[in-house]
Number of protein chains: 2
Amino acid sequence: MSTRRGTNLPRMGDFNQAVVVEAIRRAGEALSRTELAAATGLSAQTLTNITRRLLDDGLIAEAGRAINGPGKPRVLLRLVAESRYSVGVHLDPAVVTVVLLDLAGTAVARRLIPVGAPEPARVIDAMAQAIEAVIGEAGVDRSRIVGIGLAAPGPLDEANGTVVDPPMLRGWRRVPLRTLLSEATGFAVVLEKDTAAAAVGELWTRRGPVDDSFVLLYLGTGLGAALARDGDVTRGRIGNFGEIGHIVVDPEGPACACGSRGCVAVTCTPQAIVAEAVRAGVLPPDGDEDEAGALEDRFAAVCARAERGEPFASGILARAARCTAALLVILTDVLDVERIVLGGPFWGYVSAVYLAELPEHVHRASATRALREIPIHGSVVGADVGAVGAACVVLNEALTPRASSLLLSERVVAPVAP
Amino acid sequence: MSTRRGTNLPRMGDFNQAVVVEAIRRAGEALSRTELAAATGLSAQTLTNITRRLLDDGLIAEAGRAINGPGKPRVLLRLVAESRYSVGVHLDPAVVTVVLLDLAGTAVARRLIPVGAPEPARVIDAMAQAIEAVIGEAGVDRSRIVGIGLAAPGPLDEANGTVVDPPMLRGWRRVPLRTLLSEATGFAVVLEKDTAAAAVGELWTRRGPVDDSFVLLYLGTGLGAALARDGDVTRGRIGNFGEIGHIVVDPEGPACACGSRGCVAVTCTPQAIVAEAVRAGVLPPDGDEDEAGALEDRFAAVCARAERGEPFASGILARAARCTAALLVILTDVLDVERIVLGGPFWGYVSAVYLAELPEHVHRASATRALREIPIHGSVVGADVGAVGAACVVLNEALTPRASSLLLSERVVAPVAP
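Residues numbered from 1 in each chain as written. Chains lettered and ligands numbered in written order. Predicted model: local features only at pLDDT ≥ 70, side-chain atom pairs only at ≥ 80, totals over all residues.

K.L.:
Could you give an account of the overall build of chain A, with specific residues and numbers?
P.N.:
For chain A, the helix and strand inventory stands at 12 helices and 15 strands. Going through the 418 residues of chain A one by one, you find that 53% of them count as buried. At a minimum sequence separation of 6, the contacts of chain A that also span at least 24 residues come to 65%. (Helix = DSSP H or I, 4+ residues; strand = E, 2+ residues; numbered from the N terminus. Buried ≥ 20, exposed ≤ 12 C-beta atoms within 10 Å, placed from the backbone. Contact = placed C-beta atoms within 7 Å.)

Given below as structure tokens:
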């Protein structure tokens, strides 16, 4: 389009409706219309209209009356958690995680599928079965399911809904994942990078101000970054924000296949840490780090040795932490965020060491050290952050107010299969 | 705030009014209300109300009638360029540039002040005099001036309106620039990083889609990056988005004061290129690269020798281009933008070499090379991009529709001095 377009009343109505649902959800308890007016800044008349619509749609319900002073008792409104659900699927090289999330953000059912022989057709079949299983287990009517969020390692081809060349998933080049999963399940599917999904999950789950900003460093089989600002996760022009594998974090580090040396990919990924442990004699050289399940076991072994105080293992993790700190300095210098969040499937193994090492190293080298210290903490979402985040992406699309939704905008979604 | 707030009618009115002004400004010619309705998506009634208000305020005027088919002739509306102005000031270590911009974005007057003895008080005095001079020269009534935009090298302390520790401006630590310039001139002042100002200038000046995204690499005394997305420039949490000086772009490069090696600061800044030329014997070692004016002369000398085909000088620029390419790969991998723009005071010297070298190097190493090629081009704004951009920041604050302006938001502005 050649010029920006205006906004109009229906769009404002949708936005304000989402504001009200979010206010009730985030409060975590029933609120009166008066409390909602104070929280949202909307007028009493607007709130009356919006809450009537939400009551009709079953998204909220009356939850008794509060007597507070001499006036008329106030009707309390609560979220109906079981009114809407979404499915989150995380495609990881080692394991596919499937969760069913209710409107309050609680995972009501969960399945894990080991990715033994990762032919795409088999994996998608197994995903579809697991999705049916969690829906059946929870006894949820299919009509209440908003859609499926599918988190996968980047880079992704957002326009075609394909995974381009995921690490450790051979034979997965250009698989039209979004369409295949939609056909296999009959649900609309949104494909999202695992890192961005994790950031949406973090935004959706935390109780805090909605207008802060953070960079999320995702520790999976690969490392990736995501950015949240003003309650929105940045997706980038083609949905691939946060590719960080070839940022140099140690000029003296090992050579990388990209032609440089000391990149993130060869210094602070789980694979790099395990390879370093083999070089240092901490691990025997007989593992198959190209096999995702074996990688996690061997990575866990290095971390366990470091925890027991074995000096070589401790030194390896400390060095990886310093490289991660160098990466976080670059990301925060470029992105200028309020805080740093770390999460993802491998985060739990290193969180104690990293939370001890990172803050000082990051602060000392930050371009804005004279102005502030940037807090660093772990994700509020657990090990399922990819799957939970993917389910949140779908709820988020449907229910979260975003400034950008006031303007004309579109997202590519695989339509529901016939 | 603990929850996001709704939006309301007055805010929507302001937003739509800005949409209409932008549509007329960007068209570059008079438009009928019918054409405006098509361009903005607003209803005829809404447009009638908005254009009446804009006519009353003098921002637009009637410009004749167009006869087009059998119907009633249509009234054409044009922007009144001389209805509002803003002042742009660029504080560069070598020279202060002052421009007076009209509402159409044309610089109607311009002054350069060499920064010989850069004591803050003197420089601010000289700025204030130059501002009075451009206003007097253009014969503009002070009441038509919206404010002053002041671009300065980062990092900035946005909250206090101070420059923290600018390169080559000794004695400028924590100078409360915003307040001092407001007191000296009587105008409201917005302080902005030079890189962000340049990106606003680029957005404001170009004729193209408003919803694209680009990273702007600013080649000044230091290098900085800015990001534009959906018509907005990202400022970051404390206004310091885009600090890139210590990203490693050549692991074999020279040692840096930060403790690493091959950083941007020691490989592809003008200072680094001149230092390399001295080491290679291309320049005599008697220059004072810490003095900003001398730096530009010596940098220009290296570029002139490269242009004449002198192999050492050409090699130095080619190496700097490769380091710049490595930087652009990191920035585009992280930020996922549609295109790359280069600009700033030193850009003109290297544009031919860089535009020949960068595209191939950037594409070959990009994480999304399988999905797209990212175009690279020079800024549409000339050498005054910092000052013009700063003036645009002020017009932009006043007149450009941004999705974020539909929500509650604030920007720190030094109030008009009494």
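K.L.:
Go over the packing of helix H9 (residues 311-335) of chain B against helix H10 (residues 347-365) of chain B with me, naming the residues and quoting the values.
P.N.:
Relative placement of two packed helices is described by the angle separating their axes and the distance separating the axes. All names here are of chain B. Two elements in contact, H9 and H10, have axes separated by 8 Å at closest approach and are oriented at 45°. Of the possible angle classes, the one that applies to H9 and H10 is oblique. Of the two possible hands of crossing, H9 and H10 adopt the one that is right-handed. Contacts between H9 and H10 pair Leu317, Ala318, Ala321, Arg322, Thr324, Ala325, Leu328 and Val329 from the former with Val350, Val353, Tyr354, Glu357, Leu358, His361, Val362 and Ala365 from the latter. Along the lines of polarity and charge, the residues of the contact of H9 with H10 split into 12 nonpolar, two polar and two charged. (Axes fitted to C-alpha atoms, helices over the stretch in contact; angles between N-to-C directions. Parallel < 35°, antiparallel > 145°, perpendicular 65-115°, else oblique. Left-handed = near helix turned anticlockwise from the far one by under 90°. Nonpolar A, V, L, I, M, F, W, Y, C, P; charged D, E, K, R; others polar.)

K.L.:
Break down helix H2 (residues 33-40) of chain A for me, citing the residues and quoting the values.
P.N.:
Within the sequence span of H2(A), burial applies to A:Leu36, A:Ala39 and A:Thr40. One side of H2(A) holds all its buried residues, which, seen down the axis, span an arc of 80°. (Arc of directions from axis to C-beta.)

K.L.:
Residues and numbers for the environment of B:Ala104, please.
P.N.:
Residue and element names in this part refer to chain B. Within the secondary structure layout, Ala104 lies in the loop between strand S5 (95-102) and strand S6 (107-114). Considered as a pair, Ala104 and Gly28 are 76 residues apart in the sequence and their alpha carbons are 8.4 Å apart. If near-sequence neighbours (up to four positions away) are discounted, Ala104 is found in contact with Arg25, Leu79 and Ala81.

K.L.:
Just give me the short version of helix H6 (residues 194-205) of chain A, but keep the residues and values in it.
P.N.:
An α-helix turns once every 3.6 residues. As a result, residues three or four positions apart point the same way. For H6(A), built from 12 residues, the straight-helix expectation of 16 Å at 1.5 Å per residue is met to within 8% by its first-to-last C-alpha distance of 16 Å. Burial runs high along H6(A): 11 of the 12 residues are buried. (Expected span 1.5 Å × (residues − 1).)

K.L.:
Give me the domain arrangement of chain A: which residues, what numbers.
P.N.:
Residues and elements named next belong to chain A. Domain parsing of chain A yields domain 1 (9-79), domain 2 (83-202 + 385-406) and domain 3 (226-378). Taking only C-alpha atoms into account, the centre of domain 2 sits 26 Å from that of domain 3. The interface is formed by 19 residues belonging to domain 2 together with 20 residues belonging to domain 3. With six residues, the single largest contributor to the side of domain 2 that touches domain 3 is H6. Here the residues of the side of domain 2 that touches domain 3 sort into 11 nonpolar, three polar and five charged. (Domains from an automatic or database assignment.)

K.L.:
So what's going on with the sheet that holds strand S12 (residues 223-229) of chain A? Residues and values would help.
P.N.:
Residue and element names in this part refer to chain A. The five strands are arranged S13-S12-S11-S14-S15 in an open sheet whose pairing can be described as mixed. Among the strands making up the open sheet, the edge pair consists of strand S13 (232-233) and strand S15 (376-378). H6 contacts strand S11 (213-219), S12, S13 and strand S14 (339-343) of the sheet and is inclined by roughly 40° relative to S12. (Pairing = 2+ DSSP bridges.)

K.L.:
Could you give an account of the nonpolar core, naming the residues involved and the relevant values?
P.N.:
Within the largest apolar cluster, 264 residues are counted, with the highest numbers of intra-cluster contacts made by A:Leu150 and B:Leu150. Setting aside residues no more than four positions away along its own chain, A:Leu150 makes contact with A:Val89, A:Leu91, A:Leu177, A:Arg178, A:Leu181, A:Val189, A:Val190, A:Leu191, A:Glu192 and A:Ala390. (Core = buried A, V, L, I, M, F, W, Y, C linked by C-beta atoms within 7 Å.)

K.L.:
So, the packing of helix H4 (residues 120-138) of chain B against helix H5 (residues 177-185) of chain B: which residues are in play, and what are the values?
P.N.:
All names here are of chain B. Where H4 meets H5, the closest approach of the two axes is 9 Å, and the angle between their N-to-C directions is 45°. One way to sum up the angle between H4 and H5 is to call them oblique. You can see that H4 and H5 cross each other, and the crossing is right-handed. In this structure, H4 contributes Ile124, Asp125, Met127, Ala128 and Ile131 to the contact, and H5 contributes Leu180, Leu181, Ala184 and Thr185. Considering only residue class, the contact of H4 with H5 consists of seven nonpolar, one polar and one charged.

K.L.:
Which residues make up the confidence of the model for chain A, and what values do they have?
P.N.:
When the pLDDT values of chain A are averaged, the result is 88; 89% of them are 70 or greater. With pTM at 0.91, the complex prediction returns an ipTM value of 0.90. (pLDDT = per-residue confidence, 0-100.)

K.L.:
A description of the pairing of strand S7 (residues 145-152) of chain A should follow, citing residues and the corresponding values.
P.N.:
Within a regular strand, the side chains alternate between the two sheet faces. All names here are of chain A. Among the eight residues in S7, eight count as buried, and that is most of the element. Sheet topology places strand S4 (residues 85-91) next to S7; five bridges connect them, and they run parallel. The residue bridging Val87 from the neighbouring strand is Ile148, located in S7. In this structure, S7 lies alongside strand S10 (residues 189-193), joined through five bridges in parallel fashion. Each residue of the ladder has a partner; that of Ala152, found in S10, is Lys193.

K.L.:
Tell me about the environment of A:Asp336, and please be specific about residues and values.
P.N.:
For A:Asp336, the location among the structural elements is in the loop between helix H10 (311-335) and S14. For the pair A:Asp336 and A:Pro375, spaced 39 residues apart in sequence, the C-alpha separation works out to 13 Å. Setting aside anything within four residues of it in sequence, one finds A:Asp336 in contact with B:Gly236, B:Arg237, B:Ile238, B:Asn240 and B:Phe241.

K.L.:
Just give me the short version of unusual backbone geometry, but keep the residues and values in it.
P.N.:
All names here are of chain A. Across the junction of Gly154 and Pro155, the peptide omega takes the value -5°, indicating a cis bond. Inspection of the secondary structure puts Pro155 in the loop between S7 and strand S8 (156-157). Look at Asp230: it is not a glycine, yet its phi comes out positive at around 50°. Exposure remark for Asp230: the 16 C-beta atoms within 10 Å place this residue in the partly exposed category. Residue Asp336 is not a glycine yet carries a positive backbone phi of 50°.

K.L.:
Quick rundown of the pairing of S12(A)? Include the residues and the values.
P.N.:
Residues and elements named next belong to chain A. The buried fraction of S12 amounts to six of the seven residues, a majority that puts the element mostly inside the structure. As defined by bridge partners, S11 adjoins S12 across seven bridges and the pair is classed as antiparallel. Directly across from Leu216, in S12, lies its bridge partner Ala226. Two elements, S12 and S13, share two bridges in a ladder whose sense is antiparallel. Bridging from a neighbouring strand, Ala228 pairs with Val233 of S13. What sits between S12 and S13 in their antiparallel hairpin is a turn of two residues, with Asp230 showing a positive phi close to 50°.

K.L.:
How would you sum up the sheet that holds strand S10 (residues 189-193) of chain B? Please name residues and give values.
P.N.:
Residues and elements named next belong to chain B. With respect to topology, five strands assemble into an open sheet ordered S6-S5-S4-S7-S10, the strand pairing being mixed. The open sheet has two free edges, formed respectively by S6 and S10, since each of these has just one partner strand. Averaged over all pairs of adjacent strands, the angle between their axes in this sheet comes to 20°, without regard to strand direction.

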